[in-house]
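Overview (structure and organization)
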Amino acid sequence: MDYSKLKIPNHVALIVDGNGRWATEKGMNRSAGHKQGFLNLKKLTAYIFSKNIKCISAYLFSTENFKRSQMEVSFIMGLLTDQLQDILNFCHEEKIKAVFSGRKEHLSDKVLKAINKIEKETEIYNDRLFNICFNYGGHAEIIDATKKIVKDVQNGNLDINKLDENMFNKYLYHELPPVDLMIRTSGEQRLSNFMLWQNSYAEFYFPKTYFPDFDEKEFDKAIVEYTKRDRRFGGIDYEN
Ligand code: IPE
Ligand code: IPE
Ligand code: MG
């Protein structure tokens, strides 16, 4: 699709949802859906970056997803582990900085080492940003930021009176631009604890499609819809 007449968001955030239902409805086990979801994510992120969108956040595993069966959790952990080298190669090829948002606890040493390596090696790229949310929770992120702030105030490194939105943003897992377009696949219309701070003025789009089927054409539709949205940020355009 020709994007030249469309409004291009700077930051697109994706809640990858519906993998399980995609598989179950096809008579397969949920794991097959997660596998297909990861494959699709790879294709879709390449497409989104090719459209000159600078920042993508993807919600792949929430702090609450540990409530799932041990089998499902370890399958998803395994999938991520297998994908990490691929993610690194992709980021080098496309000159993308990759960062991981989420709590480090409950992640294996192997995953943590790989995450560190990816973040370090891709730190040199400044044009595009891929924020991978894994073991992520919006409440956890705000609590973790608050703890860092309190520490800095106690150390004398931060004057609490100087704390504003801009500075608070720097205390989050990563300093990210605000989300412009938040897409949640599978028809669910909720945030499920996703980027509560960064989504404050995002446009929300809720396609019915399950994530493994959310392809380039489906993404094009999201951008067409985004183009139609009138973003006011609390102001009023008195000219119109
Ligand atoms: C998204 O798909 C992946 C994760 C949350 C880990 P789901 O696993 O939530 O799939 P549904 O919503 O049950 O279909
Ligand atoms: C949100 O999806 C988390 C991710 C997509 C990683 P869930 O499937 O866990 O959310 P709920 O339980 O339907 O709210
Ligand atoms: Mg779900």
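Residues numbered from 1 in each chain as written. Chains lettered and ligands numbered in written order. Predicted model: local features only at pLDDT ≥ 70, side-chain atom pairs only at ≥ 80, totals over all residues. Heavy atoms only, no water.

Remarks on the nonpolar core
Grouped together as the largest cluster of nonpolar side chains are 45 residues, with contacts concentrated most on Leu14, Leu60, Phe134, Leu181, Ile183 and Phe219. Take this core: its biggest share by element is ten residues, from helix H3 (residues 70–94). Apart from the residues lying within four places of it in its own chain, the contact partners of Leu60 are Val16, Phe38, Leu41, Ile132, Cys133 and Phe134. (Core = buried A, V, L, I, M, F, W, Y, C linked by side-chain atoms within 4.5 Å. Buried < 20%, exposed > 50% of the residue type's maximum accessible area, 1.4 Å probe, protein only. Helix = DSSP H or I, 4+ residues; strand = E, 2+ residues; numbered from the N terminus. Contact = heavy atoms within 4.5 Å.)

Some remarks on the sheet that holds strand S5 (residues 181–184)
The sheet built from six strands is open, its strands ordered S3-S4-S2-S1-S5-S6 with parallel pairing. With one partner strand each, in any of the chains shown, strand S3 (96–101) and strand S6 (203–205) form the two edges of the open sheet. Across the sheet, the mean angle from the axis of one strand to that of its neighbour is 20 degrees, orientation sign disregarded. One ladder, built from three bridges, connects S5 with S6; its direction is parallel. (Pairing = 2+ DSSP bridges. Axes fitted to C-alpha atoms, helices over the stretch in contact; angles between N-to-C directions.)

A short note on unusual backbone geometry
Of note, Ser192 is a non-glycine position whose phi angle comes to about 45 degrees, a positive value. Topologically, Ser192 is positioned in the loop between S5 and S6. Taking the relative accessible area as the measure of exposure, Ser192 reaches 32% and is therefore partly exposed. At Asn193, a position not held by glycine, the phi torsion is positive, near 70 degrees. Tracing the chain through its elements places Asn193 in the loop between S5 and S6.

Brief notes about the site of ligand 1
As a structural note, the neighbourhood of ligand 1 is formed by 13 residues, with Val16, Asp17, Arg21, Arg30 and Arg68 the closest of them. Within the backbone of Gly20, one N or O atom sits 2.9 Å away from an oxygen atom of ligand 1. If ligand 1 stood free it would expose 370 Å²; the protein chains cover 87% of that surface. At the level of elements, helix H1 (19–24), helix H2 (30–50) and H3 are the ones that each hand at least two residues to the shell around ligand 1. With three residues, H1 is the largest single contributor of residues to the shell around ligand 1. The class makeup of the residues in the shell around ligand 1 is three nonpolar, five polar and five charged. (Near = heavy atom within 4 Å. Polar contact = N/O pair within 3.5 Å; in protein donor to acceptor, adjacent residues only side chain to side chain. Areas by Shrake-Rupley, 256 points an atom, 1.4 Å probe, with all protein chains shown as cover. Nonpolar A, V, L, I, M, F, W, Y, C, P; charged D, E, K, R; others polar.)

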